[in-house]
Amino acid sequence: MGAYYEGLYDEVGVGIEEKLQRSVLAQMLNWRRMRALNARRRFRPGARHLDVGCGVSSLLRQLAARGLAAVGLDFEEAACQSQRAYCEGLDVELWRGTLDEAYDSAGGVVDEGRQRFASASMIHYLEHTFTPVEDLRRVYQRLEPGGAIVVEVPSIESFHRSLFQSYWLPYLPPQHISLFSRRSLRRAFKDAGFVGVRVRGASAPFIGLSSFAIWWTWVMGRKSSLSRPVQTLAWPLAFLWGAVVLLGDLGSFWLLAKSGHADHLRVTAVKPR
């Protein structure tokens, strides 16, 4: 899968990701994830937390600001370097590698003694793996008894998926391999050993608008079979329809989440004591 991410974390790619993932909106979404996790196991100063597939988000910094000893794991060195600079001065450690084999900042293999955690997160990680249950089980084994996890993935039951069909943004082939319904996600957690599994809809800003843009590009826009004059004449309609989709996108977070048709699912679960 690494080939499909080649160039994502080059100088330009990292800069774009930093702006997106460390924006106020992203930090608000992280706050919701932290609140859901804290409800399952109260944060304790110095407790160790593992964020799998940390990328260049602001989650590690926010966790460390709450007093946790945060560890981020990612296979891209550029992402780890970005996080080290962003979290400088905080109790944050970055590991490069996978759940099978991780390397610390000095290049040494992380031994089992350092892989015990009170809590964990996998934010938009499971959809990228061929083995979601096995990866959940690997995190389960690293959690202390009573440890909690929060996971977020796209939802195949999304209203926007039904509306835009194959143009729905979170399909994102070939990077997204495993897609989940509420039922299949709950089953995956139980098969991995977790108990107290809670699945909720989660806000996903601009998924509807982005899916509309993809649909328009391929059906009405520059990648369609329509002539250029027809495409030009259609732009006012695109602007109007896009505005309607955007307003609906921004105004329907709560309703879609409560109805079970949000674009994302957020799961919390615990390891039995």
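Cut-offs and rules
Residues numbered from 1 in each chain as written. Predicted model: local features only at pLDDT ≥ 70, side-chain atom pairs only at ≥ 80, totals over all residues. Heavy atoms only, no water. Helix = DSSP H or I, 4+ residues; strand = E, 2+ residues; numbered from the N terminus. Expected span 1.5 Å × (residues − 1). Buried < 20%, exposed > 50% of the residue type's maximum accessible area, 1.4 Å probe, protein only. Arc of directions from axis to C-beta. Pairing = 2+ DSSP bridges. Right-handed = clockwise from strand over helix to strand, strands pointing away. Salt bridge = Lys/Arg side-chain N within 4 Å of Asp/Glu carboxyl O. Phe/Tyr/Trp six-rings, centres within 6.5 Å; stacked < 30°, edge-to-face > 60°. Lys NZ or Arg CZ within 6 Å of the ring centre and 35° of its normal. Core = buried A, V, L, I, M, F, W, Y, C linked by side-chain atoms within 4.5 Å.

A. Layout of helix α8 (residues 207-219). Under the 1.5 Å per step criterion, the end-to-end length of α8 is 18 Å for 13 residues, consistent within 8% with the ideal 18 Å. When we look at burial in α8, the residues that qualify are Ile207, Gly208, Ser211, Phe212, Trp215 and Trp216. For α8, the buried positions fall inside an angular range of 165 degrees around the axis, keeping them on one side.

B. Just the pairing of strand β2 (residues 69-74), in detail. Most of β2 sits out of view: six of its six residues are buried. Burial along β2 is two-sided: Ala69, Val71 and Leu73 and Ala70, Gly72 and Asp74, pointing in opposite directions, are all buried. Here strand β1 (residues 48-52) runs beside β2; their pairing, made up of five bridges, is parallel. Each residue of the ladder has a partner; that of leucine 50, found in β2, is valine 71. You can see the chain leave β1, run along helix α3 (residues 59-65) and come back into β2, and the turn it takes is right-handed. Relative to strand β3 (residues 92-97), β2 is paired through five bridges, and the arrangement is parallel.

C. Looking closely at the pattern of salt bridges. Going through the model one piece at a time under the given rule, you end up with nine salt bridges. Residues glutamate 152 and arginine 266 are paired through a salt bridge, measuring 3.1 Å at the closest nitrogen-oxygen approach. On the criterion of sequence distance, the pair formed by glutamate 152 in strand β6 (residues 143-154) and arginine 266 in strand β8 (residues 264-270) is long-range, its members being 114 residues apart. Because the salt bridges share partners, they merge into one network encompassing Arg33, Glu152 and Arg266.

D. Focus on the environment of glycine 113. With respect to the helices and strands, glycine 113 occurs in the loop between β4 (102-103) and β5 (117-123). A residue is classified by how much of its surface remains accessible, and glycine 113, at 65% relative accessible area, is exposed. Along the backbone, glycine 113 and proline 174 are 61 residues apart, and their C-alpha atoms lie at a distance of 36 Å.

E. Here's a closer look at the pairing of β5. Of all seven residues that make up β5, seven are buried, and the element is covered over most of its length. The sheet contact formed by β1 and β5 spans three bridges and is parallel. The residue bridging aspartate 51 from the neighbouring strand is serine 121, located in β5. Bridge count between β5 and β6: six bridges; the pairing is parallel. Bridge pairing in β6 places methionine 122 opposite valine 151. Regarding topology, helix α5 (residues 132-142) serves as the crossover connection from β5 to the parallel β6, and that connection is right-handed.

F. Local environment of the environment of alanine 106. Among the structural elements, alanine 106 can be located in the loop between β4 and β5. Each C-alpha atom of the pair alanine 106 and tryptophan 95 lies 9.5 Å from the other, and the pair is 11 residues apart in sequence.

G. Highlighting the packing of aromatic side chains. Overall, the coordinates contain nine aromatic pairs when judged by the stated rule. Look at tryptophan 215 and tryptophan 216: their rings are 6.0 Å apart centre to centre, the planes differ by 55 degrees, and that puts the pair in the tilted class. Pair check on accessibility: tryptophan 215 and tryptophan 216 agree, each one buried. With centroids separated by 5.0 Å and ring planes inclined at 65 degrees, the aromatic side chains of tryptophan 215 and tryptophan 241 adopt a geometry described as edge-to-face. On the criterion of sequence distance, the pair formed by tryptophan 215 in helix α8 and tryptophan 241 in helix α9 (residues 228-251) is long-range, its members being 26 residues apart. Stacked on the ring of tyrosine 86, the Lys or Arg arginine 22 has its end atom at 3.9 Å from the ring centre. For the cation-ring pair, lysine 271 lies above tyrosine 140, with the distance from its terminal atom to the ring centre recorded as 4.9 Å.

H. Here's a closer look at unusual backbone geometry. With omega at 0 degrees, the peptide bond leading from proline 173 into proline 174 counts as cis. Even without being glycine, histidine 124 reaches a positive phi, approximately 55 degrees. With respect to the helices and strands, the residue histidine 124 is situated in the loop between β5 and α5. Phi is positive for glutamine 165, close to 55 degrees, though the residue is something other than glycine. With respect to the helices and strands, the residue glutamine 165 is situated in the loop between α6 (159-164) and α7 (182-192).

I. View of the nonpolar core. Core analysis: the largest hydrophobic core is formed by 30 residues, its most contacted members being Met122, Leu136, Ile149, Val151, Phe189 and Phe194. Elements with a contribution of two residues or more to this core: β1, β2, β5, α5, β6, α7, β7 (195-202) and β8. The next biggest cluster of nonpolar side chains, apart from the first, holds 18 residues, and it includes Met34, Cys54, Leu59 and Ala148.

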